[in-house]
Amino acid sequence: MKQLDRAGVDEAAFAALKDEIAAYVAGPAEGWAERIERERRVPPELWEDLRARGYLALAAPEEYGGRGVPFTRYLELMELFSMSHASIRMIVHVVNGTWRAMDRFATPEQRRRFVLPSIQGALKIAFTLTEPTAGTGADLRCSVVRDGDTYRLSGEKHLITFGTICDYWLLFARLAGTRGADGTLALLVDRNAPNATVEEMDESMGVRGTDHARLRFDETPVPVARRLGGEGQGLEIALGGFLVPSRISVAMSCVGLARRAHELAIAYAAQRETFGKKLEERQAIRFMIAENATDIEAARQLVFHAARRWEAGGGDAPMLSSMSKLQAVEMLTRVTDKALQIHGGIGFWQPNPIERVYRDARAQRFEEGTNEIQKTVIAREVLGGTRGRG
């Protein structure tokens, strides 16, 4: 595949890539999905399959060993992956995003040891921000004390995706005694570091099979050389490098999952007959389908707008990323609810595909920040922009 950059895209090659991924989602990925649901875990072979196909390096530059797909076009691929099992989407989403957060602040040595192996699939790096006793942001309580060339890390994390199977945690903490964003820092912490306790969390309602961890640290030693950027740049790395584009990607994940629910509902309405009529002939069902189609397209366009503004370095990108995720999550709730209703009672039972889609959809309300967090970000920007106007 030729280099894909912001200046231009080889459209024929990109169309072929989309066709390839669509075929994968409809074929092999469905086999993986059945296995994940049956075994309640993501098989290690799935990681290797995704790596071998190049799907873990879609968004990374070609000089790093990636496919060089620009972010806005990458979202077209994310929409397709999101129509598959949520755990498959999660792997593709996380691996195609964590390298970006690290690369902006990595030294040449850190890039060689961590960023490039992550893109190549040789290292698993888990984004490690969320804590059980704090919000996700400047009130981090996980802390470090510097001891010469070593930080001593103490505190707790939870809901850490791939947190038990990773090689390193990309972990965000603060210097002990500091408050706010100024004291935060980003560390690459070895999964097998001393005094680190790792527990697998219980099974969730949806997104079954994806590993999530609860972590505890008790003066765990972390070399200062494993710090990304400087002291005080932790939230800049977490938010600008990962969370803003990640929220946009999650918003597109909502679009893809809603599209899957919508297609399932259309297919069922075309074959289900009641009182001598197909469901698709009934006005109530037709209106639900029309509403869902409109909802999905409106959310998709807002996601692309947010992506273009982020690519352009727009100052409104953080607000738009929150807007796109808020809108897409609420759209997904409406669409999956109607899609399940169209299926009637049979849709509530396994192994009907809509049952899994409905469960997985609820998780998007929490990933990369709740709806309430998104509203807080949006309101801060909107109201802040009105100050001083008379």
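Rules used throughout
- Residues numbered from 1 in each chain as written.
- Predicted model: local features only at pLDDT ≥ 70, side-chain atom pairs only at ≥ 80, totals over all residues.
- Heavy atoms only, no water.
- Helix = DSSP H or I, 4+ residues; strand = E, 2+ residues; numbered from the N terminus.
- Rg over C-alpha atoms; globule rule 2.2 N^0.38 Å.
- Buried < 20%, exposed > 50% of the residue type's maximum accessible area, 1.4 Å probe, protein only.
- Contact = heavy atoms within 4.5 Å.
- Phe/Tyr/Trp six-rings, centres within 6.5 Å; stacked < 30°, edge-to-face > 60°.
- Salt bridge = Lys/Arg side-chain N within 4 Å of Asp/Glu carboxyl O.
- Axes fitted to C-alpha atoms, helices over the stretch in contact; angles between N-to-C directions.
- Parallel < 35°, antiparallel > 145°, perpendicular 65-115°, else oblique.
- Left-handed = near helix turned anticlockwise from the far one by under 90°.
- Nonpolar A, V, L, I, M, F, W, Y, C, P; charged D, E, K, R; others polar.
- pLDDT = per-residue confidence, 0-100.
- Pairing = 2+ DSSP bridges.
- 1 Å grid on protein atoms, 1.4 Å probe; cavity = no way out; pocket = protein on both sides within 12 Å on 5 of 7 lines; lining within 4 Å.
- Points joined across faces, edges and corners; volume = space filled by probe spheres on them.
- Polar contact = N/O pair within 3.5 Å; in protein donor to acceptor, adjacent residues only side chain to side chain.

1. Comments concerning the overall build of the chain
Moving on, step 1. The number of helices and strands found in the chain is 11 helices and 10 strands.
Moving on, step 2. A compact globule built from 390 residues would reach a C-alpha radius of gyration of about 21 Å, and the chain, at 22 Å, matches this within 12%.
Moving on, step 3. Seen through its principal axes, the chain has C-alpha atoms that stretch 80 × 60 × 45 Å.
Moving on, step 4. By residue count, 53% of the 390 residues in the chain fall in the buried class.
Moving on, step 5. Across the chain, every contact between residues at least 6 apart in sequence was considered, and the portion connecting residues at least 24 apart equals 73%.

2. With respect to the packing of aromatic side chains
Moving on, step 1. If you walk through the whole model with that rule in mind, you get 11 aromatic pairs.
Moving on, step 2. Joined through ring pairs, the aromatic side chains of Tyr-24, Tyr-55 and Phe-81 make up one cluster.

3. Considerations on the pattern of salt bridges
Moving on, step 1. Scanning the entire structure with this criterion turns up 28 salt bridges.
Moving on, step 2. A salt bridge links Arg-152 to Asp-147; its shortest N-O distance comes to 3.6 Å.
Moving on, step 3. For Arg-152, a relative accessible area of 31% gives the class partly exposed.
Moving on, step 4. For Asp-147, a relative accessible area of 45% gives the class partly exposed.
Moving on, step 5. By sharing partners, the salt bridges in this structure join Glu-79, Arg-259, Glu-263, Glu-297 and Arg-300 into a single network.

4. Focus: the packing of helix H5 (residues 86-103) against helix H6 (residues 108-120)
For any two helices packed against each other, the geometry comes down to the angle between their axes and how far apart the axes lie.
Moving on, step 1. At a minimum axis distance of 9 Å, the contact between H5 and H6 shows a crossing angle of 160°. The orientation of H5 with respect to H6, classified from their angle, is roughly antiparallel. The two elements H5 and H6 meet at a crossing, and its hand is left-handed. In this structure, H5 uses Val-95, Thr-98, Trp-99, Met-102 and Asp-103 to contact H6, whose residues at the interface are Arg-111, Phe-114, Val-115, Ser-118 and Ile-119.
Moving on, step 2. Residues that form the contact of H5 with H6 fall into these classes: six nonpolar, two polar and two charged.

5. Points about the confidence of the model for the chain
Moving on, step 1. Across the chain, pLDDT averages 92, with 96% of residues at or above 70.
Moving on, step 2. When the elements of the chain are averaged for pLDDT, helix H10 (residues 353-363) gives the smallest value, 91, and helix H8 (residues 283-311) the largest, 98.
Moving on, step 3. Predicted confidence is poor over residues 1-7, with pLDDT under 50, and the contacts of this stretch with residues over four places away or in other chains come to 20 contacts.

6. Details of the pairing of strand E7 (residues 212-223)
Moving on, step 1. Here strand E3 (residues 150-161) runs beside E7; their pairing, made up of nine bridges, is antiparallel. If you follow Thr-150 over to E7, its bridge partner there is Pro-223.

7. Points about the packing of helix H2 (residues 28-39) against helix H3 (residues 44-52)
Moving on, step 1. Viewed as axis vectors pointing N to C, H2 and H3 meet at an angle of 160°, and their least axial separation amounts to 11 Å. Accordingly, the angle class assigned to the pair H2 and H3 is roughly antiparallel. Considering how the two elements wind past one another, H2 and H3 form a crossing that is left-handed. On H3, the residues that touch Trp-32, Arg-35 and Ile-36 of H2 are Glu-45, Leu-46 and Asp-49.
Moving on, step 2. Tallied by class, the residues present in the contact of H2 with H3 amount to three nonpolar, no polar and three charged.

8. Some thoughts on empty space enclosed by the protein
Moving on, step 1. Counting across every chain of the model gives two cavities of 30 Å³ or more.
Moving on, step 2. Phe-71, Tyr-74, His-93, Asn-96, Gly-97, Arg-100, Gly-241, Phe-242, Pro-245, Ser-246 and Ser-249 together form the lining of the largest cavity.
Moving on, step 3. Ranked by residues supplied to the lining of the largest cavity, first place goes to helix H7 (residues 234-271) with five residues.
Moving on, step 4. By residue class, the composition of the lining of the largest cavity is four nonpolar, six polar and one charged.
Moving on, step 5. There is about 60 Å³ of room inside the second largest cavity.
Moving on, step 6. In terms of lining, the second largest cavity is formed by Ser-82, Ser-84, Ala-86, Arg-89, Ser-253, Leu-257, Asp-360 and Gln-364.
Moving on, step 7. Counting residues per element, the ones that place at least two in the lining of the second largest cavity are H5 and H7.
Moving on, step 8. Residue classes in the lining of the second largest cavity are distributed as two nonpolar, four polar and two charged.

9. Some points on the side chain of Asp-49
Moving on, step 1. Here Asp-49 is to be found in helix H3.
Moving on, step 2. Engagement of the side chain of Asp-49 in a polar contact is seen with the side chain of Tyr-24, the distance being 2.9 Å.
Moving on, step 3. At a separation of 2.9 Å, a polar atom in the side chain of Asp-49 contacts the side chain of Arg-53.
Moving on, step 4. Once residues within four sequence positions are removed from consideration, Asp-49 is found in contact with Tyr-24 and Trp-32.

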